[in-house]
Amino acid sequence: MYTLVAFVICLRIVYSAELPKDIKKCKFGNDACIKGSINQLIKNYPKGIPSLNIQPFDEFRPSDMQLWDSPRVGGSFLKFRLVNQAVSGCQNATVTGVSGFEQDPTKSRIEIELRIPRVTHRSTYEMQLRWLSMVQSNTSGACYAEFQNVTLILNLKVIVKFQKEKRYLKIYELTPQLELGRFVLKLDDLYKESLDLTLAVNRAYNENWLELWNDIERNVLSSYSQKGAQLLDKIFATISYDDMFLRS
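Here goes a summary of the coordinates provided. (Residues numbered from 1 in each chain as written. Predicted model: local features only at pLDDT ≥ 70, side-chain atom pairs only at ≥ 80, totals over all residues. Heavy atoms only, no water.)

### Structural notes on empty space enclosed by the protein
One simple way to see leftover space: roll a probe sized like a water molecule over the atoms. Short version of the rule: Using a grid of 1 Å spacing that covers the protein atoms alone, one calls a set of points a cavity when a 1.4 Å probe fits there but cannot get out, and a pocket when the set is open and has protein on both sides within 12 Å along at least five of seven lines; lining residues are those with an atom within 4 Å of a point. Grid points are joined across faces, edges and corners, and a volume is the space filled by probe spheres set on the points. Numbering of helices and strands runs from the N terminus; a helix is a DSSP stretch of H or I covering at least four residues, while a strand is a stretch of E covering at least two.
A full pass over the atoms with the stated rule returns three cavities of 30 Å³ or more. What the largest cavity holds in volume is close to 150 Å³. Lining the largest cavity are 18 residues, and of these Leu67, Leu82, Phe183, Leu185 and Ile216 lie nearest its centre. Those elements that provide at least two residues to the lining of the largest cavity are β1 (65-69), β2 (77-88), β5 (135-163), β7 (182-187) and α4 (209-236).

As structure tokens, this is what we get:
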């Protein structure tokens, strides 16, 4: 879910050519200025700027995600899907570092680092589980997850396309890195016939949260990165890179 924050932060930078007057516009390569402007924008406009197509910082809606889809081994398999996802908390993000916004952005990676005290995730899960003949479940319910003390680093590789003598960016690669202080998960109605079993499984997940996160991190980051890249590309195709910054 770190992807959710990163792409949102980038959204704001791209619009710097038409940002409100209370947001300072920067020169290429002035990392301190760019960092300060992004933070000011997050603070002043937590609900985004609809007239500029800037999405709210306080909600991110990724596409549906297949979290697990294990192959059948004997009589066992697990399919777990998240739908109607909503992620909140990015409005409290603080950008702690930026680099790569140079005159030629293709010479190095663009990097944005930020920290978020708490990110929450709400969705509906759909699960099919079979373990030999002993455990069988086909259920759905509310999913709540919480990411605490998040450090997110977003790395972008871009290519440049020319239109009407102006440069427009297109994402070639988006790679997120995420560090968590704690991960909390709650799945309602896992076993509708047994509340005690549902509570016990949730307790086990949270007592072993690091192992759980290691299992799902790759799929989560991949899904959110794809969504973030799609949103960023739409903006990069609208506003030229040369209009994002002050002219020398």
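Back to the write-up after that little detour.
### Points about unusual backbone geometry
Positive phi outside glycine occurs at Asn84, with the angle close to 55 degrees. Mapping Asn84 onto the fold places it in strand β2. A positive phi angle is found at Asn149, which is not glycine, with a value near 50 degrees. Structurally, the position occupied by Asn149 is in strand β5.

### Quick notes on helix α2 (residues 31-44)
This is how it is decided: Take the residue count of a helix, subtract one, and multiply by 1.5 Å to get its expected span. With a 1.4 Å probe rolled over the protein chains alone, any residue whose accessible area is under 20% of its type maximum counts as buried; one over 50% counts as exposed, and the rest are partly exposed.
With 14 residues, α2 extends 20 Å between its outermost C-alpha atoms, agreeing within 8% with the 20 Å of an ideal straight helix rising 1.5 Å per residue. Burial in α2 covers these residues: Cys33, Ile34, Ser37, Ile38, Leu41 and Ile42.

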